[in-house]
Amino acid sequence: MRNGKNIHVTFETATVIRVILLVVVTILGLMFLSKIIQPLILIVVSFFLAIGLNPIVSWIASIFKSQNRVLATGIAYSLVIGFLIAFFSFVFPPLVKQTVDFVKEIPQTLQTLKNEDGTVKTLVDRYNLQEEV
């Protein structure tokens, strides 16, 4: 009620049907998109791999007399997979060791932070977090 007058709002049937159809089409579109998202991700990743590996594949293919791109692509992918395996074999062992060391030192670090006078101790005391720490 505005200024003592009633306001009446009317909707045409066509407008209601349009809104319902729009909602149904949106829901169906989102369901369809959720079904095809994984194949789309694979297509996009393979597209970027093809673009990224094209120079090395062309170079490897130029080495062969027959200019065989299938063989050159196989060699390039094998090199990439070999590089990734070597990279992860060098990265994971130190990462695991450092994580284990970090987890072992957490209790001592917390005790040190609780006992020493510093910013962390001030925050713990201010907000009464002694039990949680």
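Residues numbered from 1 in each chain as written. Predicted model: local features only at pLDDT ≥ 70, side-chain atom pairs only at ≥ 80, totals over all residues. Heavy atoms only, no water.

A. Structural view of the overall build of the protein chain. Regarding its fold elements, the protein chain presents three helices and zero strands. In sequence order, the protein chain lays out its α and β elements as α-α-α. Over its C-alpha atoms the protein chain spans a radius of gyration of 31 Å, topping by over 25% the 14 Å that the globule rule assigns to 133 residues. Counting only C-alpha atoms and orienting by the principal axes, one finds that the protein chain spans roughly 90 × 65 × 20 Å. Counted over contacts in the protein chain with a minimum sequence separation of 6, partners at least 24 positions apart contribute 13%. Between the centroid of the 11 positive side chains of the protein chain and the centroid of its 8 negative side chains there is a distance of 21 Å. (Helix = DSSP H or I, 4+ residues; strand = E, 2+ residues; numbered from the N terminus. Rg over C-alpha atoms; globule rule 2.2 N^0.38 Å. Contact = heavy atoms within 4.5 Å. Lys, Arg positive; Asp, Glu negative; His and termini not counted. Charge placed at Lys NZ, Arg CZ, Asp CG, Glu CD.)

B. Geometry of the confidence of the model for the protein chain. Of the residues in the protein chain, 98% have a pLDDT of 70 or more, and the chain-wide mean is 88. Within the protein chain, helix 1 (residues 13-63) carries the highest mean pLDDT (93), whereas helix 3 (residues 119-126) carries the lowest (78). (pLDDT = per-residue confidence, 0-100.)

C. Structural detail: the packing of aromatic side chains. Scanning all chains against the criterion turns up four aromatic pairs. Ring centres of Phe-88 and Phe-92 lie 5.5 Å apart, and the angle between their planes is 25°; this geometry places the pair in the stacked category. Placement of both Phe-88 and Phe-92 in helix 2 (residues 69-115) is noted, with a separation of four residues, approximately one turn of the helix. We classify Phe-88 as partly exposed; its relative accessible area is 39%. (Phe/Tyr/Trp six-rings, centres within 6.5 Å; stacked < 30°, edge-to-face > 60°. Buried < 20%, exposed > 50% of the residue type's maximum accessible area, 1.4 Å probe, protein only.)

D. Spotlight on the packing of helix 1 against helix 2. Their axes nearest at 9 Å, the elements helix 1 and helix 2 cross at an angle of 115°. Considering only the axes of helix 1 and helix 2, their crossing is right-handed. In this structure, helix 1 uses Leu-49, Ala-50, Leu-53, Asn-54, Ile-56, Val-57, Ser-58, Ile-60 and Ala-61 to contact helix 2, whose residues at the interface are Arg-69, Ala-72, Thr-73, Ile-75, Ala-76, Tyr-77, Leu-79 and Val-80. Within the contact of helix 1 with helix 2, the residues separate by chemical class into 13 nonpolar, three polar and one charged. (Axes fitted to C-alpha atoms, helices over the stretch in contact; angles between N-to-C directions. Left-handed = near helix turned anticlockwise from the far one by under 90°. Nonpolar A, V, L, I, M, F, W, Y, C, P; charged D, E, K, R; others polar.)

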